[in-house]
Amino acid sequence: MMRQRCYYRRGTSCLTPTRMEKLKSIGFPLDCPNEKSADETNWNNRIQQLLKFKEKHGHFNVSRDNGSRSLYTWMTRQRWYYRRGTGCLTPARIEELESIGFSLDCPLKQSAK
């Protein structure tokens, strides 16, 4: 549900007019102020976790194996959203990540051959 509302707020092509009409026809509220607040709180918490990680380690190279699996997943997802131009990564959020020195252009990990 949160993802559909996010697509709606962002105006992405993932939520086509047909899908939007189907959701409206079943009474699905696309605009939910409480969810926006929860999304913003989650975003701010992740930014703080990212900053604490950098303060402790001196970089943003979070790995799955250093006890920060959920932060790693979140960080990877933001980069994926950025490359694809999808999700809830708004221009303001891109600017916020860049302002703290977080690189969204990090290349995908190459598999070992």
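All of these numbers come straight from a predicted model, not from anything done at the bench. (Residues numbered from 1 in each chain as written. Predicted model: local features only at pLDDT ≥ 70, side-chain atom pairs only at ≥ 80, totals over all residues. Heavy atoms only, no water.)

## Considering the overall build of the chain
Argument step 1. When helices and strands are tallied, the chain shows five helices and zero strands.
Argument step 2. When burial is assessed residue by residue, the chain has 32% of its 113 residues classed as buried. (Helix = DSSP H or I, 4+ residues; strand = E, 2+ residues; numbered from the N terminus. Buried < 20%, exposed > 50% of the residue type's maximum accessible area, 1.4 Å probe, protein only.)

## Examining the confidence of the model for the chain
Low-confidence regions, as indicated by low pLDDT, have predicted coordinates that should not be scrutinised in detail.
Argument step 1. Per-residue confidence for the chain gives a mean pLDDT of 78; residues scoring 70 or more make up 70%.
Argument step 2. The element-level mean pLDDT for the chain is lowest in helix α1 (residues 2–10), coming to 61, with helix α5 (residues 91–99) highest at 92. (pLDDT = per-residue confidence, 0-100.)

## Focus on the nonpolar core
Argument step 1. Counting residues in hydrophobic clusters, the biggest one holds 17 residues, and the most contacted among them are Leu50, Val62, Trp74, Leu89, Leu97 and Phe102.
Argument step 2. Only α3 (33–57), α4 (69–84) and α5 provide two or more residues apiece to this core.
Argument step 3. Here this core takes five residues from α4, the largest share from any one element.
Argument step 4. Leave out the neighbours within four places in its chain, and Trp74 touches Trp43, Arg46, Ile47, Leu50 and Leu97. (Core = buried A, V, L, I, M, F, W, Y, C linked by side-chain atoms within 4.5 Å. Contact = heavy atoms within 4.5 Å.)

## A few points about the environment of Asp105
Argument step 1. Topologically, Asp105 is positioned in the segment after α5.
Argument step 2. For the pair Asp105 and Arg83, spaced 22 residues apart in sequence, the C-alpha separation works out to 7.8 Å.

## Some points on the pattern of salt bridges
Opposite charge on two side chains lets them pair, provided their charged atoms get close.
Argument step 1. Tallied over the full model, the rule gives one salt bridge.
Argument step 2. In this structure, Arg93 engages Glu40 in a salt bridge whose closest nitrogen and oxygen atoms are separated by 3.3 Å. Of this pair, Arg93 sits in helix α5 while Glu40 sits in helix α3; the two residues are 53 residues apart in sequence, bridging distant segments of the chain.
Argument step 3. Overall, the relative accessible area of 38% leaves Glu40 in the partly exposed class. (Salt bridge = Lys/Arg side-chain N within 4 Å of Asp/Glu carboxyl O.)

## Observations regarding the side chain of Arg46
Argument step 1. Within the secondary structure, Arg46 sits in helix α3.
Argument step 2. Separated by 3.3 Å, the side chains of Arg46 and Ser70 make a polar contact.
Argument step 3. In this view, Arg46 contacts Ser70, Leu71 and Trp74; residues no more than four positions away in its chain are not counted. (Polar contact = N/O pair within 3.5 Å; in protein donor to acceptor, adjacent residues only side chain to side chain.)

## Details of α4
Argument step 1. Here α4 spans 22 Å end to end across 16 residues, near enough to the 22 Å set by a 1.5 Å rise per residue.
Argument step 2. The first or second residue beyond α4 is Gly85, which carries a positive phi of 70 degrees. (Expected span 1.5 Å × (residues − 1).)

## Here we look at the side chain of Arg79
Argument step 1. Note that Arg79 resides in helix α4.
Argument step 2. Despite its burial, Arg79 pairs with no opposite charge; the closest candidate is Asp105, at 8.3 Å N-O.
Argument step 3. Those residues within four positions of Arg79 in sequence are excluded, and the remaining contacts are Phe102, Ser103, Leu104 and Cys106. (Lys, Arg positive; Asp, Glu negative; His and termini not counted.)

## A word on α5
Argument step 1. Listed as buried for α5 are Arg93, Ile94 and Leu97. Across the axial projection of α5, the buried residues extend over an arc of 105 degrees, all falling on one side. α5 presents Pro91, Ala92, Glu95 and Ser99 as exposed residues on the side facing more than 90 degrees away from its buried surface.
Argument step 2. Phi turns positive one or two residues past the end of α5, at Gly101, with a value near 90 degrees. (Arc of directions from axis to C-beta.)

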